[in-house]
Amino acid sequence: RKYLKINIPSLKQSADISFDPNSNLQNLSGQMKLKVFETIAQLNFEGRDSFIISNSYIRNKFLNSKINGKIYFKNEFNFDLNLNINQINLRKLLIYYPIIQKGGISKKINGKINIDAKNIDSILGKIRDLKTVLSFENGDIRIDNLSAKLPENSNFKSNLLISSEDKTPKLKFSINFFTKEANKFLRKFGIYDAGDNQFSLFSEGDIN
């Protein structure tokens, strides 16, 4: 078994790679333990120009998730990954890693992440069965087919496009919301008389 260790203390980054005994230049396989700032990942990999990631995980103080899929290095870097999230603090994650910010996402980051989260703690309460596809395309971020079950018999669906043309963030969105317990749900926003108990909302538009 062969090992490769990389440590960059000034950037708080390190990588510890253990290659399988049958690994060779035509087919690399093994396990990589990666630390980037406050995020730790353990990736079991196999491949050469493209790598299959299996039985792996990624963790930080906001996120604990299983991860698998493919990462491509030939021609251009790309990825097609699956995140099966065990635990996430969505509010703190978005504050710490803001998606919408001046300058946007690098155009060199391209790929998609299929996200599946059974339980998420939020200011609204428990969010369940969240599913979506997060795509990075030449500096744009797409959130497609987002669906989730919210508290008080409520459901939420949405599509979002975050683009940074001329380095100015723009958001295009569509939102579909329905609740069977409008009074209970809207009470969280300081609305105490919502009329009929069932309530639905559809909205779409652009935000600059």
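Here the structure is a predicted model, which means the values were calculated and not measured.

Moving on to the overall build of the protein chain. Across its full length, the protein chain carries two helices and 13 strands. Oriented by its inertia axes, the alpha-carbon framework of the protein chain measures out at about 70 × 35 × 30 Å. Across the 208 residues of the protein chain, 32% fall into the buried class. Taking contacts inside the protein chain between residues at least 6 apart in sequence as the whole, the part at least 24 apart equals 30%.

Bringing the packing of aromatic side chains into the picture now. Summed over the entire model, instances satisfying the criterion amount to eight aromatic pairs. Where Phe 45 meets Phe 51, the ring centres are 6.0 Å apart and the plane angle is 75 degrees; that geometry is what we call edge-to-face. The same class applies to Phe 45 and to Phe 51, which are both buried. Aromatic pair Phe 51 and Phe 73: ring centres 5.9 Å apart, planes at 80 degrees, arrangement edge-to-face. Of this pair, Phe 51 sits in strand E5 (residues 50-59) while Phe 73 sits in the loop between strand E6 (63-72) and strand E7 (78-88), and the two are 22 residues apart along the sequence.

So, about a nonpolar patch on the surface. Among the surface-exposed residues, Leu 4, Ile 6 and Ile 8 lie close enough to one another that they form a single nonpolar patch of about 220 Å² accessible area. Following the sequence through the fold, Ile 6 ends up in strand E1 (residues 2-8).

The rules behind these values
Residues numbered from 1 in each chain as written. Predicted model: local features only at pLDDT ≥ 70, side-chain atom pairs only at ≥ 80, totals over all residues. Heavy atoms only, no water. Helix = DSSP H or I, 4+ residues; strand = E, 2+ residues; numbered from the N terminus. Buried < 20%, exposed > 50% of the residue type's maximum accessible area, 1.4 Å probe, protein only. Contact = heavy atoms within 4.5 Å. Phe/Tyr/Trp six-rings, centres within 6.5 Å; stacked < 30°, edge-to-face > 60°. Patch = residues over 30% accessible without salt bridge, like charges linked within 9 Å, V, L, I, M, F, W, Y side chains within 5 Å. Areas by Shrake-Rupley, 256 points an atom, 1.4 Å probe, with all protein chains shown as cover. Salt bridge = Lys/Arg side-chain N within 4 Å of Asp/Glu carboxyl O.

That is the geometry; function is a separate question.
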